Every structure is written in structure tokens, then in C-alpha cells.
Amino acid sequence: MKQKMDKPTNNSLNEGLLHVQNQPSSSRFKRKLRSVLLLAILFTLIIVTIVSLLTIFKHKIESKSLSNYPLDAIQTVCWLPNLSENPDSCVNSIASFYYADVNPPPLWLNRDRINPSQILMLSLHASMNELFDLSSSAPETIVLHSNKPKTKSLLKECQGMFKFSLIQLNESLKSLGDDPDEKILATNKLVWDLQSWIGEAQGQVERCIDWLEMTESTVAAEMKRRTRMCQQYMRNSRGILKNVDEIFDIFYPGTGSVFGSLILEFFQYDLYVWFLFLQYLFLFFLFCLILRS
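The rules behind each value
Residues numbered from 1 in each chain as written. Predicted model: local features only at pLDDT ≥ 70, side-chain atom pairs only at ≥ 80, totals over all residues. Heavy atoms only, no water. Core = buried A, V, L, I, M, F, W, Y, C linked by side-chain atoms within 4.5 Å. Buried < 20%, exposed > 50% of the residue type's maximum accessible area, 1.4 Å probe, protein only. Helix = DSSP H or I, 4+ residues; strand = E, 2+ residues; numbered from the N terminus. Contact = heavy atoms within 4.5 Å. Phe/Tyr/Trp six-rings, centres within 6.5 Å; stacked < 30°, edge-to-face > 60°. Disulfide = S-S within 2.5 Å. Salt bridge = Lys/Arg side-chain N within 4 Å of Asp/Glu carboxyl O. Polar contact = N/O pair within 3.5 Å; in protein donor to acceptor, adjacent residues only side chain to side chain. Axes fitted to C-alpha atoms, helices over the stretch in contact; angles between N-to-C directions. Parallel < 35°, antiparallel > 145°, perpendicular 65-115°, else oblique. Left-handed = near helix turned anticlockwise from the far one by under 90°. Nonpolar A, V, L, I, M, F, W, Y, C, P; charged D, E, K, R; others polar. pLDDT = per-residue confidence, 0-100.

Draft legend 1. Fine view of the nonpolar core. Counting 53 residues, the largest nonpolar core has L176, L185 and F251 as its most contacted members. If you tally residues by element for this core, the top one is helix α6 (residues 188-212), at nine residues. Once residues lying within four places of it in the same chain are set aside, the contact partners of L176 are L120, M121, L124, I184, L185, L190 and L194.

Following this line, the structure appears as C-alpha cells:
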């Protein structure tokens, strides 16, 4: 009878002991779970705060950028020291094309914002338009000087030079693309290639000017005037390329530091995608901790 009584008593003791042992384990698990939840909430608040601050910082930089003020941007660039011998020619040629009523407008032309790449392309287009008019009017001028063999020969040579210069400038535009990135001019090789193409075109125009100086024709004098104007436009374009670093500092203030550059690079991606990715990554890490506990 005594043995029969001992068995249930031992079972009760074992169950009680297991219950007591499980209580601390369950309590620790709950504490860990609460800690994990608190960390998750804290992490979420930190991420939201960082994203909000970076968004405010981005808008603040954009609001100060010259990109939002096209005419001011053009004037500021053209009046940089050592950029152009004739800043007014730079401003007028670029601004006139920028505000021209072109239908349809080029893909790269944004009427609300402007960037360094667009300013360079506008300057190149100003040169190309002048060269195209010169090469188109050359045959008529040649006919007018048909009784002057020397002048006629020089004008024919100039016509060929204008066409060659057009090809070089067209290569420059092709290298920039139909819709260039606003920071494409940060590529050193591209800047060097552009300098080379524009320099070759400018050299041809200068030779034509030297030859036209030998003539005394009134018609040729008008061509000389327009050729000099075209030469100045190309000098402006090369001046933009030579001052590209300073122009970038003007358009993107405060981004010279490594931290500023990293922030702007960060904004090339969708902030919310990054936020969700980090959130899930952190939650996965917490889930692994819970499984180990």
C-alpha cells in the first residue's frame, strides 16, 4: 500500500519541478522578445529620422542650386574669370537658343532646369548654327566673286573648312548623347575628347579668317564678321570645358566633401527601397536571435 502511494507522489514532485524549471526559461524568453521588439521600434525610428533628414538636406541643396534659375546659371557660368574673352557673346548665344521657340524641343533641353551638360550643348549648338549658315551662304558668295579667281578660291576653301568644323562639333554632341547625365562632364576622357574635337573645328575656322583677311570684298567682310563670331562661340565652349570643376562647384554647392558626395550618391536610389531592405534585414537578424535563445 505504501509503495502504491509513493508512485503518484513522485510523479507530482517531478511535474512540480519541471514547472518551476520552465518558469525562468519562459520569463527569459519574454524578456528577450520585449527587448527585440523595443530594438525593432528603435531601429525603425532611427531609419525614419535619417531618411527624413536626408530628404530635407536634399531639398535644401536643390533649392539653392542654380539649376532652378536657368538665366542666372548661364550668366554665372559665362562670367567666370578666364572662361570667355567676351562674356556677353557667351550669355547671348546660349540664352537665345535656350529660350528659342523650337518645336519640338530637343530631348535634352529642360525649360525649367538647366545643368552644366546642357549649357555646353547650347554653346555647341550656337557654333553649329553659325557654321551651318556660313556654309550655306558660301556658294552664293562664291558666285558673286566669280570674276575674282583668288577670292573665289579662298571662299571655296572656307566652305570646306566650315563643313569639316560642323562634322567635328557634331561628333562632340554625339559623344554627349541625346539626353546626357548632368554629371557626364565629370568624365575626364570625355572632356579631353571634346576639347580635341572643338579645337580642331576652331583651328579650321581660324585658318579661314586668316585667308579672308587677304580679301577686300564687302561680302567677304560680312563673312569674316560672322566667322569671327563663330570662332568666339567655340572659344566659349572650350572655356566651359576648362572650367568644368568650378562650374560643378557652383551648381552643386556643398558636395565637394566626401560626405556630401556620398549623400548625393545615396539619393540616386529610392530611399524607401533602401529603408525596406534594411528593415527586413534587421528583422531577419532578430528572428535568428530568437531561434537561438
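Still to come is the rest of the account.
Draft legend 2. Structural context of the packing of aromatic side chains. A complete count under the given rule lists one aromatic pair for this structure. Here Y98 and Y99 contribute two aromatic rings whose centre-to-centre distance is 4.9 Å and whose plane-to-plane angle is 90°, an arrangement assigned as edge-to-face. For Y98, a relative accessible area of 0% corresponds to the buried category.

Draft legend 3. Representation of the state of the cysteines. Counted under the stated rule, the structure contains two disulfides. There is a disulfide in this structure between C78 and C90, and the S-S distance comes to 2.0 Å. One disulfide, between C78 and C90, carries an S-S torsion of -65° and so falls in the left-handed class. Remark: C90 occurs in helix α3 (residues 87-98) and C78 occurs in helix α2 (residues 70-78); sequence separation between them is twelve residues. In this structure C78 comes out as buried when scored by relative accessible area, which is 1%. Between C158 and C208 runs a disulfide, and the two sulfur atoms are separated by 2.1 Å. Taking the torsion about the S-S bond as the criterion, the C158 to C208 disulfide, at about 110°, is right-handed.

Draft legend 4. Molecular detail of the pattern of salt bridges. Tallied over the entire structure, the rule returns five salt bridges. For E213, the salt bridge is made with R228, and the minimal N-O distance between the two is 2.2 Å. You can see E213 sitting in the loop between α6 and α7 (218-242) and its partner R228 sitting in helix α7, a full 15 residues away along the chain. Beyond isolated ion pairs, a larger network of salt bridges with shared partners links E130, D133 and R226.

Draft legend 5. Highlighting the side chain of Q195. Looking at where Q195 falls in the secondary structure, it is placed in helix α6. One polar contact links Q195 to R238, side chain to side chain, over a distance of 3.2 Å. Setting aside anything within four residues of it in sequence, one finds Q195 in contact with R238, L241 and K242.

Draft legend 6. Fine view of the packing of helix α5 (residues 149-176) against α6. Close contact between α5 and α6 brings their axes to 9 Å; oriented N to C, the two are set at 165°. The orientation of α5 with respect to α6, classified from their angle, is roughly antiparallel. Note that α5 runs across α6; the crossing there is left-handed. Class assignment of the residues belonging to the contact of α5 with α6 gives a composition of 17 nonpolar, five polar and four charged.

Draft legend 7. Highlighting the packing of α2 against α3. It is at 9 Å that the axes of α2 and α3 come closest, and there the two elements cross at 150°. Between α2 and α3, the angle is such that the two are roughly antiparallel. The handedness of the crossing between α2 and α3 is right-handed. Packed against α2, whose contacting residues are P70, L71, I74, Q75 and C78, the element α3 presents P87, C90, V91, I94, A95 and Y98 at the interface. Its residues assigned to classes, the contact of α2 with α3 shows ten nonpolar, one polar and no charged.

Draft legend 8. The confidence of the model for the protein chain, seen in detail. Considering every residue of the protein chain, the mean pLDDT works out to 76; 67% of them sit at 70 or more. Below pLDDT 50 for its whole length, residues 1-7 participates in zero contacts with residues either more than four positions away or in separate chains. Across residues 255-262 the pLDDT falls below 50, and counting only partners more than four positions away or on other chains, this stretch makes four contacts in the model.

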